[in-house]
Amino acid sequence: SAVISQKPSRDICQRGTSLTIQCQVDSQVTMMFWYRQQPGQSLTLIATANQGSEATYESGFVIDKFPISRPNLTFSTLTVSNMSPEDSSIYLCSVVREGLGYNEQFFGPGTRLTVL
Amino acid sequence: AQRVTQPEKLLSVFKGAPVELKCNYSYSGSPELFWYVQYSRQRLQLLLRHISRESIKGFTADLNKGETSFHLKKPFAQEEDSAMYYCALSGTGFQKLVFGTGTRLLVSP
């Protein structure tokens, strides 16, 4: 398995401000993802955090709004910029670890963000 | 387009009753299918995947390519099975996960 921690676990922010969420993994991983789970909805992939290069964003998500850093193989940050109430969500990071013949994706505990 | 559909938001059963959580998918290729579970106050975790063909906590799921379904079943539900269940798919060789909207299973005594 993989031990994943996220900081902060929750936050309440004002409209127009930015919040940076940290994700720390207990060992080196190649693939790391950031997901969003809006209230009452499913998980949606925001981007793949690539080490040493720019993140790969999914349709509907842009770097200016969700800048991502991945300075090494155990750490990544997601910033939610210029926040609005619509950004209120749970943000989760996840990593892929190689298993016996297949890979498994592990999730962090999530960061619950409320924007007022 | 890749899509996962879980038609039931809530499934409520009594302890000992059979459970079936439905999942249908749309994918142009050979997907890998998964069931993830989130118990109260815990993080999302993998329950089972179709390629392993195993039973976890009494749950099984069979991939039906003809019906493009991957329903999760358990013959006798337990109270500790109460949780949020998500069906998900990815492409072969592990790619991003596409999740369904989830089904909340509530098992009453």
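To be clear, the structure that these remarks concern was listed above.
Everything in this summary refers to the structure shown in the same document. (Residues numbered from 1 in each chain as written. Chains lettered and ligands numbered in written order. Predicted model: local features only at pLDDT ≥ 70, side-chain atom pairs only at ≥ 80, totals over all residues. Heavy atoms only, no water.)

## Re the overall build of chain A
Helix and strand counts for chain A stand at 0 helices and 11 strands. Reading the secondary structure of chain A in the N-to-C direction produces β-β-β-β-β-β-β-β-β-β-β. A compact globule built from 116 residues would reach a C-alpha radius of gyration of about 13 Å, and chain A, at 14 Å, matches this within 12%. Counting only C-alpha atoms and orienting by the principal axes, one finds that chain A spans roughly 45 × 30 × 25 Å. Considering chain A as a whole, with its 116 residues, one finds that 49% of them fall into the buried category. Contacts spanning at least 24 positions in sequence make up 54% of the contacts within chain A whose residues lie at least 6 apart. Put simply, chain A shows about 5,600 Å² of open surface, and 48% of that area lies on carbon and sulfur atoms. (Helix = DSSP H or I, 4+ residues; strand = E, 2+ residues; numbered from the N terminus. Rg over C-alpha atoms; globule rule 2.2 N^0.38 Å. Buried < 20%, exposed > 50% of the residue type's maximum accessible area, 1.4 Å probe, protein only. Contact = heavy atoms within 4.5 Å. Areas by Shrake-Rupley, 256 points an atom, 1.4 Å probe, with all protein chains shown as cover.)

## Observations regarding the pattern of salt bridges
Residue and element names in this part refer to chain B. Under the definition given, this model contains 6 salt bridges over all chains. We note a salt bridge from K73 to E20, for which the minimum N-O separation is 3.7 Å. Residue K73 is located in strand β8 (residues 72-74), and its partner E20 is located in strand β3 (residues 19-21); the two are separated by 53 residues in the primary sequence. (Salt bridge = Lys/Arg side-chain N within 4 Å of Asp/Glu carboxyl O.)

## Looking at the layout of surface pockets
Over the atoms a probe the size of a water molecule is rolled, and this reveals where empty space is left. There is about 910 Å³ of room inside the largest pocket. Lining the largest pocket are 33 residues, and of these A:Q37, A:I90, A:R112, B:Q38 and B:R104 lie nearest its centre. For the lining of the largest pocket, the secondary structure elements donating two or more residues are β9 (89-98) and β11 (111-115) of chain A together with β9 (83-90) and β11 (103-108) of chain B. Among the elements that take part in the lining of the largest pocket, β11(A) stands out by supplying 4 residues, more than any other. Its residues assigned to classes, the lining of the largest pocket comprises 11 nonpolar, 16 polar and 6 charged. Counted as a void, the second largest pocket has a volume near 310 Å³. Looking at the second largest pocket, it is lined by 19 residues, and the ones nearest its centre are A:L43, A:T44, A:L45, B:V98 and B:F99. Elements that contribute at least two residues to the lining of the second largest pocket include exactly β4 (32-37) and β5 (43-49) of chain A together with β1 (3-5) and β10 (98-99) of chain B. Residue contributions to the lining of the second largest pocket peak at 3 residues, all from β5(A). When the residues that make up the lining of the second largest pocket are grouped by side-chain class, the tally is 7 nonpolar, 8 polar and 4 charged. (1 Å grid on protein atoms, 1.4 Å probe; cavity = no way out; pocket = protein on both sides within 12 Å on 5 of 7 lines; lining within 4 Å. Points joined across faces, edges and corners; volume = space filled by probe spheres on them. Nonpolar A, V, L, I, M, F, W, Y, C, P; charged D, E, K, R; others polar.)

## Quick notes on the state of the cysteines
Following the criterion strictly, the structure yields 2 disulfides over all chains and no others. Covalently, A:C23 is tied to A:C93 through a disulfide, its sulfur atoms 1.9 Å apart. Here A:C23 and A:C93 share a disulfide; its torsion about the S-S bond, 65 degrees, makes the bridge right-handed. Pair noted here: A:C23 is in strand β3 (residues 19-25) and A:C93 is in strand β9, with a separation of 70 residues, a long-range link. Comparing A:C23 with A:C93 shows no difference in burial state: the two are buried. The disulfide that involves B:C23 links it to B:C87, with 2.0 Å between the sulfurs. Taking the torsion about the sulfur-sulfur bond, which here is approximately -65 degrees, the covalent link between B:C23 and B:C87 counts as left-handed. In this pair, B:C23 is assigned in the loop between β3 and β4 (24-26) and B:C87 in strand β9, connecting sequence segments 64 residues apart. Owing to a relative accessible area of 0%, B:C23 belongs among the buried residues under this scheme. Overall, the relative accessible area of 0% leaves B:C87 in the buried class. (Disulfide = S-S within 2.5 Å.)

## A short note on the interface of chain B and chain A
Contacts between chain B and chain A engage 15 residues on the former and 17 residues on the latter. Taken together, the two surfaces of chain B and chain A that pack against each other cover about 1,500 Å², and 56% of this comes from carbon and sulfur. Between B:K96 and A:E58 there is a salt bridge, with the nearest N and O atoms lying 2.5 Å from each other. Here chain B is connected to chain A by 6 residue pairs in polar contact (both at pLDDT 80 or more). In the side of chain B that touches chain A, the residues fall into 8 nonpolar, 3 polar and 4 charged. (Buried area = accessible area lost by both parts, 1.4 Å probe. Polar contact = N/O pair within 3.5 Å; in protein donor to acceptor, adjacent residues only side chain to side chain.)

In short, geometric facts, not functional conclusions.
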